[in-house]
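Chains, contacts and geometry: an overview
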Amino acid sequence: MVQQLKKHGLADPPQNSWRRAVIEKPFGHDLESAQELNRIVHEVFPRDEVFRIDHYLGKETVQNILALRFANTMFEPIWNRSYVDHVQITMAEDIGIGGRAGYYDGIGSARDVIQNHLLQLMALTAIEEPASFHPKALVAEKLKVLSAVKLPEDLGKHTVRGQYAAGWQGGEEVVGYLDEDGINPTSKTDTYAAIKLEINNRRWAGVPFYLRTGKRLGRRVTEIAVVFQRAPYLPFDSYATEELGQNALVIRVQPDEGVTVRFGSKVPGTSFEVRDVTMDFAYGESFTESSPEAYERLILDVLLGDANLFPRHQEVELSWEILDPIEKYWDTHGKPAQYPAGGWGPVEADEMLARDGRSWRRP
Ligand code: BG6
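Just so it is clear, the model here is predicted, and its values are computed rather than measured. (Residues numbered from 1 in each chain as written. Predicted model: local features only at pLDDT ≥ 70, side-chain atom pairs only at ≥ 80, totals over all residues. Heavy atoms only, no water.)

To continue, consider the layout of surface pockets. Approximately 260 Å³ is the volume found for the largest pocket. Along its surface, the largest pocket is lined by 14 residues, and Lys59, Glu257, Pro292, Glu293 and Ala294 are the ones closest to its centre. Elements supplying a minimum of two residues to the lining of the largest pocket: α3 (60-70), β11 (248-254) and α9 (294-304). Looking at the lining of the largest pocket residue by residue, the classes come out as 5 nonpolar, 4 polar and 5 charged. (1 Å grid on protein atoms, 1.4 Å probe; cavity = no way out; pocket = protein on both sides within 12 Å on 5 of 7 lines; lining within 4 Å. Points joined across faces, edges and corners; volume = space filled by probe spheres on them. Helix = DSSP H or I, 4+ residues; strand = E, 2+ residues; numbered from the N terminus. Nonpolar A, V, L, I, M, F, W, Y, C, P; charged D, E, K, R; others polar.)

Below, the structure is given as structure tokens:
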């Protein structure tokens, strides 16, 4: 399409005017196809006139990651390997593949949303403070994080993919993926994926980032949970802290937009029992302004020529570099684990975290 626009003279702007290319994901299906697409697009449009859409970046709560981290003083000092035990990024959906069999089969959940939305969430959670909010400064920081990502050596132990089987969702019986209209009944496409990554830099070395996504899970929820280390010593009787978990800061991306802080508190009474409590910030309660839809914001930014919320070509390529070895491994090793629709994914994903002595949050 881009080449045809050029051929028919539609890509060159008239004087004092501009022409921009807005490209919706998927941006390729692996590194090679993404590079090829970037080459073709850049032959026709100048780099600054190309806007690649990742609609998660248009969400208020995603932009708020930067405000939370860089407009405050209380979070950043503990936002590092000295205090953070691990980070869990979850994008769960209750829907199945709907009418999108043609696109989805053969692509799967990791290419559909980890390569773009979840790696962008991870990058924003992990970046250093950008020198300014100029697009180039923000991209420079995201590129540093994406290029520092390290995959686990044993992909069999630290990645899991699944496929939904029949089950119940919202009181209705639903079919399994292989019985959906238009799906090849022997398909090995993943509708669930969980992966463990590390970021090799001074701030994050040794802190695992667990990313998971799936269709037909218990409910629709996207969140980033920064889980802190346990206190080095607890000066209480052991029974008193039996129900004390780890402190956590949870950025609730959707649908119940806000931030939750979880910490221990004394249970009222004569004994000294400490239990987890939460403190909540909810957009709906704090602001009267409503959030614009992600696409509303992004399309406005395209018209204004503001590239801050659009991934650049290097980010897209680096994200494929992270995912490609995992997809290759999955292609040559077995098939996806089945999980019942309406649940929280395959048991293998729970085992993956249990091996690290951790467990997934039940959002
Ligand atoms: C899209 C994926 O990018 O994001 C879909 O292709 C997914 O599979 C959708 O359902 C989810 O978007 P949102 O904004 O509803 O979380």
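Moving on to the packing of helix α5 (residues 108-126) against helix α6 (residues 135-147). The interhelical angle for the contact between α5 and α6, taken along N-to-C directions, is 105°, at an axis separation of 9 Å. Relative to α6, α5 is oriented roughly perpendicular. Every residue of α6 that contacts α5 at Leu119, Gln120, Met122, Ala123, Leu124 and Ala126 is listed here: Lys142, Val145 and Leu146. The residue makeup of the contact of α5 with α6, split by class, is 7 nonpolar, 1 polar and 1 charged. (Axes fitted to C-alpha atoms, helices over the stretch in contact; angles between N-to-C directions. Parallel < 35°, antiparallel > 145°, perpendicular 65-115°, else oblique. Contact = heavy atoms within 4.5 Å.)

A word on the UniProt feature "active site" (unreviewed entry) in the chain. Here, UniProt's "active site" (unreviewed entry) annotation points to His117. Mapped onto the elements, His117 comes out in helix α5. Apart from residues lying up to four places away in sequence, His117 is in contact with Lys25, Asp54, His55, Tyr56 and Met91. (UniProt positions renumbered as here; feature names shortened; annotations may be inferred.)

A few words now on the site of the ligand. Around the ligand, the structure places 13 residues, and the nearest of them are Tyr56, Lys59, Glu93, Asp112 and Gln254. Within the side chain of His55, an N or O atom sits 2.8 Å from an oxygen atom of the ligand. Interatomic distance of 2.7 Å between a side-chain N/O atom of His117 and an oxygen atom of the ligand. Relative to its free-state accessible area of 400 Å², the ligand is covered by the protein chains to the extent of 82%. The element contributing the most residues to the shell around the ligand is α5, with 3 residues. (Near = heavy atom within 4 Å. Polar contact = N/O pair within 3.5 Å; in protein donor to acceptor, adjacent residues only side chain to side chain. Areas by Shrake-Rupley, 256 points an atom, 1.4 Å probe, with all protein chains shown as cover.)

Structurally, the position occupied by Arg212 is in strand β9 (residues 209-214). Comment: no salt bridge for buried Arg212; closest opposite-charge side chain is Glu223, at 5.5 Å. Here Thr90 takes part through its side chain, which lies 2.9 Å from a polar atom of the side chain of Arg212. Once you skip the residues sitting within four places of it in the chain, Arg212 turns out to touch Gln88, Ile89, Thr90, Met91, Leu118, Tyr192, Ala193, Ala194, Trp344, Trp360, Arg361 and Pro363. (Buried < 20%, exposed > 50% of the residue type's maximum accessible area, 1.4 Å probe, protein only. Lys, Arg positive; Asp, Glu negative; His and termini not counted. Salt bridge = Lys/Arg side-chain N within 4 Å of Asp/Glu carboxyl O.)

Bringing the pairing of strand β5 (residues 159-165) into the picture now. The buried count for β5 comes to 6 of 7 residues, which makes it a mostly enclosed element. Strand direction decides the pairing type here: β5 and strand β8 (residues 192-199), joined by 4 bridges, are antiparallel. Residue Gly162 lies in a different strand from β8, and its bridge partner there is Tyr192. Judged from the 4 bridges that link them, β5 and strand β14 (residues 337-340) form a sheet pairing that is parallel. (Pairing = 2+ DSSP bridges.)

Next up on the list: the packing of aromatic side chains. Per the stated rule, a full pass over the model turns up 11 aromatic pairs. Ring centres of Trp204 and Phe209 lie 5.2 Å apart, and the angle between their planes is 85°; on these two criteria the pair is classed as edge-to-face. In this structure, Trp204 and Phe209 share a single accessibility class: buried. Here the aromatic cluster, defined as three or more aromatic residues joined through ring pairs, consists of Tyr103, Tyr104, Tyr164 and Tyr177. A cation over a ring is seen here: Lys59 above Tyr56, with NZ or CZ 4.5 Å from the ring centre. Over the ring of Phe272 we find Lys266; its NZ or CZ atom is 5.6 Å from the centre of that ring. (Phe/Tyr/Trp six-rings, centres within 6.5 Å; stacked < 30°, edge-to-face > 60°. Lys NZ or Arg CZ within 6 Å of the ring centre and 35° of its normal.)

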